[in-house]
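Coordinates in review
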Amino acid sequence: MAEPIYGKLYQFTNLAGNMNLPAHQYLLATEPSVMFATGVYSQAKWILPHIEEILGGRPLDYLFVSHMEADECGGIALFKRKYPKITVLGTGFMANELVGFGLNPRVVVCEHLSTFTHGEVNLTFFGFPVDIHGKDGLIAYDSTSGIIYSSDVIVKSGRSKMDLGDWNAEVEAIDSTRVSDDAKRDKLKSALKSIRPNFIATGHGSCIKVEH
């Protein structure tokens with residue numbers, strides 16, 4: 001069985017297309033359980049049997065979708081087929097897009113600084129504009145475990161599984177290549193400095209264990 005990378009967090013990794021940069025998906029095997037990103041369709045097919053083994057056959061409860069890109073939600077149809085009662089956490093834009101693709105999972109709409117609590121999970125969401133169109137995306141912080149899923153906002157170059165880092169430095173390193181809108185980037189940075197995570201589960205590259 002797969003080994004957790006931090007606490008009850010399990011990481012699944014695949015190379016992102018032609019890029020020499022790993023793309024990660026994560027399972028937080030708490031009560032309830034949360035999956036952060038599905039991976040592309042082929043990756044989801046590989047991940048799902050591992051999820052079943054890790055969870056001991058109990059259903060996956062939640063799927064967090066940061067934004068509408070293939071490595072984040074390309075496997076959502078497979079997840080919905082495997083776990084028909086799964087609840088998706090994401091933006092209103094994402095919820096509308098899923099309907100357009102013929103998918104109708106139960107969705108809890110989340111927005112900047114909204115929270116979601118269930119059992120061991122206590123999530124706070126931070127919004128960011130995903131691309132030049134300014135569509136809303138989210139990153140998610142679980143205050144119980146101290147884990148933040150940073151998606152494409154905090155990315156650590158490298159092929160090592162984990163590096164050490166300083167939280168404020170990682171936040172300050174969020175530049176225009178990650179969030180192009182200056183005002184929204186400053187707003188995001190200010191909000192992120194209000195938390196103190198212990199572990200950054202990056203969407204790409206090395207994860208970061210935060211030094212305090």
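Preceding this paragraph is the structure being described.
No experiment lies behind these values; they were computed from the predicted model shown. (Residues numbered from 1 in each chain as written. Predicted model: local features only at pLDDT ≥ 70, side-chain atom pairs only at ≥ 80, totals over all residues. Heavy atoms only, no water.)

Quick look at the layout of surface pockets
What counts is decided by this rule: Grid spacing is 1 Å over the protein atoms alone, the probe is 1.4 Å, and a cavity is where that probe fits but cannot get out, while a pocket is an open set with protein on both sides within 12 Å along at least five of seven lines and lining residues have an atom within 4 Å of a point. Grid points are joined across faces, edges and corners, and a volume is the space filled by probe spheres set on the points. Each helix corresponds to a stretch of at least 4 residues labelled H or I by DSSP, and each strand to a stretch of at least 2 residues labelled E; elements are numbered beginning at the N terminus. Each residue receives one of three labels: charged for Asp, Glu, Lys and Arg, nonpolar for Ala, Val, Leu, Ile, Met, Phe, Trp, Tyr, Cys and Pro, and polar for the others, Gly being one of them.
Reported here for the second largest pocket is a volume of approximately 220 Å³. Lining the second largest pocket are 15 residues, and of these His112, Gly127, Phe128, Asp136 and Lys187 sit closest to its centre. Secondary structure elements with two or more residues in the lining of the second largest pocket: strand E8 (121-129), strand E9 (136-142) and helix H6 (182-192). Of the residues belonging to the lining of the second largest pocket, the class tally is 6 nonpolar, 5 polar and 4 charged.

Let's talk about the pairing of strand E12 (residues 199-202)
In summary, the side chains of a regular strand alternate between the two faces of the sheet. Going by this rule: Each residue gets one of three labels from its accessible area relative to the maximum for its type: buried under 20%, exposed over 50%, partly exposed in between, using a 1.4 Å probe on protein chains only. For two strands to be treated as a pair, DSSP must find at least two bridges joining them.
Of the two faces of E12, the one lined by Phe199 and Ala201 and the one lined by Ile200 and Thr202 are each fully buried. Judged from the 4 bridges that link them, strand E10 (residues 147-151) and E12 form a sheet pairing that is parallel. Among the inter-strand pairings, isoleucine 147 is bridged to a residue of E12, identified as phenylalanine 199. Pairing analysis gives 2 bridges linking E12 to strand E13 (residues 207-210), with the strands arranged antiparallel. Looking at E13, one finds that isoleucine 200 is bridged to isoleucine 208. Here E12 folds back onto E13 in antiparallel fashion, the turn holding 4 residues, of which glycine 205 has a positive phi close to 80 degrees.

Digging into the packing of aromatic side chains
A ring pair, where both rings are aromatic, is described by two values, the distance of the centres and the angle of the planes. Put simply, the rule is: Centres within 6.5 Å are what make two rings of Phe, Tyr or Trp a pair, Trp counting through its six-membered ring; a difference in plane orientation under 30 degrees is then read as stacked, over 60 as edge-to-face, and the rest as tilted. Put simply, a charge is over a ring when the Lys NZ or the Arg CZ is close to the ring centre, within 6 Å, and near the line of the ring normal, within 35 degrees.
Enumeration according to the criterion identifies 8 aromatic pairs in this entry. Ring centres 6.0 Å apart and planes at 85 degrees place the aromatic pair phenylalanine 12 and tryptophan 46 in the edge-to-face group. Here the residue phenylalanine 12 occupies a position in strand E1 (residues 9-15), and tryptophan 46 occupies one in helix H1 (residues 41-54), the gap between them amounting to 34 residues. A residue is classified by how much of its surface remains accessible, and phenylalanine 12, at 2% relative accessible area, is buried. Taking the centre distance of 5.6 Å and the plane angle of 35 degrees together, the rings of phenylalanine 36 and tyrosine 149 count as tilted. Of this pair, phenylalanine 36 sits in strand E3 (residues 34-36) while tyrosine 149 sits in strand E10, placing them 113 residues apart in sequence. Of the two residues, phenylalanine 36 and tyrosine 149, neither departs from the other in class, the shared state being buried. An aromatic cluster of at least three residues, connected via ring pairs, comprises Tyr26, Phe36, Phe64, Phe125 and Tyr149. One Lys or Arg, lysine 82, reaches over the ring of tyrosine 83 and ends 6.0 Å from the middle of that ring.

What about the sheet that holds E8?
Sheets are built from strands paired through backbone hydrogen bonds, the pairs being either parallel or antiparallel. For the record, the criterion: Structural elements are reduced to axes, namely lines fitted to C-alpha atoms, with helices fitted over the stretch in contact, and the angle between N-to-C directions of any two is expressed from 0 to 180 degrees. Whether two residues are in contact is decided by their heavy atoms: any pair within 4.5 Å suffices.
The strand order across the open sheet formed by 7 strands is E7-E8-E9-E10-E12-E13-E11, and the pairing between neighbours is mixed. Lying at the two open borders of the sheet, with one neighbouring strand each, are strand E7 (115-118) and strand E11 (162-165). This sheet shows a mean twist of 25 degrees between the axes of neighbouring strands, independent of strand direction. On top of the sheet, H6 reaches E8, E9 and E10; it is set at about 160 degrees to E8, its chief contact.

Re the pattern of salt bridges
Defined as follows: Think of a salt bridge as a Lys or Arg side-chain nitrogen and an Asp or Glu carboxyl oxygen that are within 4 Å of each other.
Counted under the stated rule, the structure contains 8 salt bridges. For glutamate 52, the salt bridge goes to lysine 82, with nearest N and O atoms at 3.3 Å. You can see glutamate 52 sitting in helix H1 and its partner lysine 82 sitting in helix H3 (residues 76-82), a full 30 residues away along the chain. Residue glutamate 52 is classed as partly exposed on the basis of its relative accessible area, which comes to 36%. Across the salt bridge formed by aspartate 182 and arginine 185, the nearest N and O atoms sit 2.8 Å from each other. Taken as a pair, aspartate 182 and arginine 185 lie in helix H6 at a separation of 3 residues, close to a single helical turn. With a relative accessible area of 12%, arginine 185 lands in the buried category. The network of salt bridges with shared partners includes Glu31, Arg58 and Asp61.

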